[in-house]
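Chains, contacts and geometry: an overview
The residues making up each chain are set out below.
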Amino acid sequence: MKIFPSYGHDSNALLNRRSNKTTLSFESQSNLRSQLRIRVITTLILLLCIYNNAWSQILQRGIVKEYNERLAKTPLGQVEIVVTNAGSTVSDSDGRFSLQFRTSKSGDKVNVRRVERLGYEVFNKEALNQWYITKEGNPFSIVMCRSDKFKRIRDNYNAISCASYEKQRIKEEKLLEEEYRKGILKEEEYRLRIDELKDEYERQLEDLDKYIDRFARIDLSELSKQEASIIACVQNGNMDEAISLYERQSFINHYKQECAAITELKNARQTLQAMKQQKSLARDSVYASILRQVNTYMLAGGMVNIEKGKTLLRECALADTTYLDALWEYAYFLDNQNEYEEAVRYYNMYVNQCTDRLSLTSLFNNLGAIYVKQEDYSKAEYYFKTNLANSRRLYAQNKESYWDLAIRDLHNLGTLYDNWEKADSSAFYYSSAFAVYEQLTDSLTDEELADKSMLYNNYGAFCFKQKKLEDAALNYQRAVEIREKLYATNNILYRPILAMTLHNIGALYHEKGDYDAACKYYLESLRMRKIMVESNPSAYKEDLNTSLTNMIGLVTEVNNLAGQYVDEEKFKEAFPLYVTAQTLYEELCKTDTTYLADYMNVAYWAGVISDEVYENSGQAIPSWVKSLDVCLKLYQDSPDNYLVQLVTICNRLAYAYAANKLYDQAIETIDIAIMAADDEANLYDTKGEILLMAGKEAEAVKMWNKVVELEPDFLSAHGESELYKQLKSKKLVK
């Protein structure tokens, strides 16, 4: 189920606690007997309370099994299970475990806090989210999968899906191209349709991770032979065949038949209850197959397949509008497709029939999130505040079980009011969310820590917006501390949220004018986001573009300020700015070559200041090498525009090499300039001087002769060069 970013709760509901301690006083011997009678009665009452408490406890048994793909699942021991109200337990060698619930009753939802074994992860996550205590004590099954195996399964589906999406996009582009060739589409409309098609595919890919995860969690050992063969097609990348086989099975017709049968049975509920239950199970089974068919469409990609998935979900929802699972899935699908009006309609159909408060809180979150996206903040406020009122009641009844709901709703309201430009309200709800965290005594799971880090991050962003930069820095740092620890345990899962906060810290330092620190954090975030885009381009492309945009703003500001310092001859102030700009441009040019000329210039000036101001030619060499590398790329594409820069950089770099007795590199560098401008006498003069420094007098004389050959009036035009002076002193030239 879709949950809007987890947000917070009102501290006033948490602070008022009363002491229930009773003090008995014995004032005289005369009332001793009555006091003894009171003691006896009190003891009996306590015994009855203890007896009733023990009697009310419920034992829930379960078994943990290891997922073995198509083979039967096997028992798995040494798995720790931690749930609210029943403490923790560990599965034995046969995979069995038991939980003693202290105050919960049959039908209550089990709040699973942690299921762990090193090297494994929970495979049947959705089943854990739907775990309810059963009166009969039916064993609950937990399925674990080796982490490396699950990653392999997931990576396979990811690769297959991305390839299929690309295949579908190319296919649809070819259809448009055919219409363009036939004259059906004019060029302007054709280009527009191509761009729209690319944008649509990128949007479709944004939600792909969810379908990949669902597909990876399909239990192959529980499928029918027919459906197992279909899934095998998917695993082998035969998406078209898998879709064809699913459509031939016509699960939707079976589903409609089961729904129609259920409707007929409702009229004879009392006498046909058992049959209805059987049909409901059959319907649920067929519906599960339909969801897998929809997942197959989504993995395959393409507008045709997306529409097929949408049609199936719509038909399921309309076949029986009292079946809440089908209503939810279709509404959630519409929500993700940005069809908000239709999503709201089906969410409301769900609301009108659902009686489970916890399910409604998730739905109200989704409705609130839709209205936030539409900037209809008053409606979003209604749903988030309704949730908060409900979570306050639950929290008051059982703080241990419902603190997370309280924080979620307070956090939601804090972020809502931030977007709504209501700073005081936003600060109040954020603070209230932190107050709930402060009262917790149990350690948090990784997922709960991630939620807490999001609260720190969002509150930091709020403080930044309010120009409270020190408060923003403190909260961003707290978020980073949590996220770095989570990243160390699972870098794929937690890389996006760590990259987000690192980027925010970069923006903070940029605002404060600490360009070096801003550069450091921007670059780290950018490098992470590039890795993210490699695995899922569309989902993270916008994040990457945000990083690049902010870095461009930073480097432009730094470069302009450095140029201003140079104009004012404040070279020492300009130098660190050029070094920072050089680092930023180097990273930007990996993805955008339009900044190559800027990169060349800042690297050149960093070298100039090192050489002339700090008199450190060795320090200048790395900057000039980078400047020359970039200049050569630009020169190849446009020789006339970059000849002067090439000659200038080569000349300076060659002298720097020679000053550091790197004569071979110096000769190679000046030869690059000579190849580009072989009629430039000054370059031969430079080469001759370097050869003379290297002790090669005869070759130096040849270079001087070449200078005179190209420019007979060189001495009168330029005066005596260093080469000429030294050769003349050695009587090697006249």
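Residues numbered from 1 in each chain as written. Predicted model: local features only at pLDDT ≥ 70, side-chain atom pairs only at ≥ 80, totals over all residues. Heavy atoms only, no water.

Structural notes on the overall build of the protein
The test is simple: Only DSSP runs of H or I reaching four residues or more are called helices, and only runs of E reaching two or more are called strands; each is numbered from the N terminus. The rule is simple: take the accessible area with a 1.4 Å probe, protein chains only, and divide by the maximum for that residue type; under 20% is buried, over 50% is exposed, in between is partly exposed. Note on definitions: a residue-residue contact is assigned when non-hydrogen atoms from the two residues lie within 4.5 Å. A 1.4 Å probe and the Shrake-Rupley method give the accessible areas. Residues count as covered only by the protein chains that appear here. Note that His is not counted, nor are the chain ends; the positive residues are Lys and Arg, and the negative ones are Asp and Glu. In this description, the location of a charge corresponds to atom NZ of lysine, CZ of arginine, CG of aspartate or CD of glutamate.
Counting its secondary structure elements, the protein contains 31 helices and eight strands. When each of the 734 residues of the protein is scored for burial, the buried share is 47%. Taking as baseline every contact in the protein between residues at least 6 positions apart, the subset at least 24 positions apart corresponds to 63%. A total of about 38,300 Å² of accessible surface is found on the protein, and carbon and sulfur atoms cover 49% of it. A distance of 9 Å separates the average location of the 91 positive side-chain charges in the protein from that of its 107 negative side-chain charges.

Overview of unusual backbone geometry
The backbone of N85 sits at a positive phi, close to 80°, despite the residue not being glycine. Note on placement: N85 falls in the loop between β3 (80–83) and β4 (87–90). Despite not being glycine, S250 shows a phi value in the positive range, around 50°.

Some points on the nonpolar core
Quick reminder of the rule: What makes a nonpolar core is a set of buried Ala, Val, Leu, Ile, Met, Phe, Trp, Tyr and Cys residues whose side-chain atoms join them at distances within 4.5 Å.
Within the largest apolar cluster, 193 residues are counted, with the highest numbers of intra-cluster contacts made by Y157, Y255, I290 and Y347. Those residues within four positions of Y157 in sequence are excluded, and the remaining contacts are I212, F215, A216, I231, V234, Q235 and L299. Ranked by size, the runner-up nonpolar core spans 20 residues in total, among them V79, V83, A86 and Y120.

Side note on helix α28 (residues 681–693)
Note the threshold: Expected helix span is given by 1.5 Å per residue-to-residue step, counting one fewer step than there are residues.
Here α28 contains 13 residues, and its C-alpha end-to-end distance of 19 Å stays within 8% of the 18 Å for a straight helix at 1.5 Å per residue. The buried count for α28 comes to eleven of 13 residues, which makes it a mostly enclosed element. Taken as a whole, α28 has its buried residues at A681, L683, Y684, D685, T686, K687, G688, E689, I690, L691 and L692. For α28, the elements touching its buried residues are α26 (639–659), α27 (663–676), α29 (697–710), α30 (714–718) and α31 (722–729). Just downstream of α28, G695 is the residue with a positive phi angle, here 85°.

Comments concerning the pattern of salt bridges
Put simply, the rule reads: Salt-bridge detection follows one rule: a side-chain nitrogen of Lys or Arg within 4 Å of a carboxyl oxygen of Asp or Glu.
The tally for this structure, following the rule as stated, stands at 50 salt bridges. Note that E227 is salt-bridged to R292, the shortest N-O span being 2.8 Å. Highlighted residues: E227 in helix α7 (residues 225–235) and R292 in helix α10 (residues 273–300), separated in sequence by 65 residues. By relative accessible area, which is 3% here, E227 ends up buried. Residue classification places R292 among the buried positions, given a relative accessible area of 19%. Here K626 ties to E586 by a salt bridge, and the two come within 3.6 Å at their closest N and O atoms. Here the residue K626 occupies a position in helix α25 (residues 617–637), and E586 occupies one in helix α23 (residues 571–588), the gap between them amounting to 40 residues. The exposure class of K626 is partly exposed, given its relative accessible area of 29%.

Some words on the environment of Y565
By secondary structure assignment, the location of Y565 is in helix α22 (residues 537–567). For Y565, a relative accessible area of 21% gives the class partly exposed. For the pair Y565 and T648, spaced 83 residues apart in the sequence, the C-alpha separation amounts to 22 Å. If near-sequence neighbours (up to four positions away) are discounted, Y565 is found in contact with K570, F571, E573, A574 and L577.

Overview of the packing of aromatic side chains
Note the threshold: Stacked, tilted and edge-to-face are the three classes assigned to paired rings of Phe, Tyr and Trp, where Trp is represented by its six-membered ring and a pair needs centres within 6.5 Å; plane angles under 30 degrees give stacked, over 60 edge-to-face, the rest tilted. The rule for a charge over a ring is simple: NZ of Lys or CZ of Arg within 6 Å of the ring centre, and within 35 degrees of the ring normal.
For the structure shown, the criterion picks out 32 aromatic pairs. Residues W704 and F714 carry aromatic rings whose centres are separated by 5.8 Å and whose planes lie at 85° to one another, so their mutual orientation is edge-to-face. Taken together, the positions of W704 in helix α29 and F714 in helix α30 put the pair ten residues apart, joining distant regions of the chain. Accessibility classification places W704 together with F714 in one group, the buried group. An aromatic cluster of three or more residues is present, and its members are Y377, Y417, W420, F428 and Y429. Over the ring of W420 we find K422, and its NZ or CZ is 3.8 Å from the ring centre. In this structure, K706 packs its charged tip against the face of Y684, placed 5.8 Å from the ring centre.

Focus: the sheet that holds β4
Test applied: Two strands qualify as a pair provided that DSSP identifies no fewer than 2 bridges between them. Axis definition: a line fit to C-alpha positions, over the contact stretch in the case of helices; interaxial angles, taken between N-to-C directions, run 0 to 180 degrees.
Strand order across the open sheet formed by three strands is β4-β3-β6, with antiparallel pairing between neighbours. Only two strands of the sheet have a single neighbouring strand rather than two, namely β4 and β6 (112–116). In this sheet, neighbouring strand axes are inclined to one another by 10° on average, regardless of whether the strands run parallel or antiparallel. Across four bridges, the pairing between β3 and β6 is antiparallel. Paired with E80 across the bridge in β6 is E116.

Quick notes on the confidence of the model for the protein
Put simply, the rule is: The quantity known as pLDDT measures the predictor's confidence residue by residue, on a range of 0 to 100.
Residues at a pLDDT of 70 or more form 91% of the protein, whose mean pLDDT is 86. Counted against residues more than four places away or in other chains, residues 1–56, with its pLDDT under 50, gives 77 contacts.

A short note on the packing of helix α17 (residues 423–438) against helix α18 (residues 446–465)
Quick reminder of the rule: Just so you know how the angles are binned, under 35 degrees is roughly parallel, over 145 roughly antiparallel, 65 to 115 roughly perpendicular, and the rest oblique. For a crossing to be left-handed, the near helix must be turned anticlockwise from the far one by less than a right angle; the clockwise case is right-handed.
The geometry of α17 relative to α18 is characterised by a closest axis approach of 11 Å and an angle of 150° between their N-to-C directions. As judged from the angle between their axes, α17 and α18 are roughly antiparallel. For α17 against α18, the interelement crossing comes out left-handed. Residues A423, S426, A427, Y430, A433, F434 and Y437 of α17 pack against E448, D451, K452, L455, Y456, N458, Y459 and F462 of α18.

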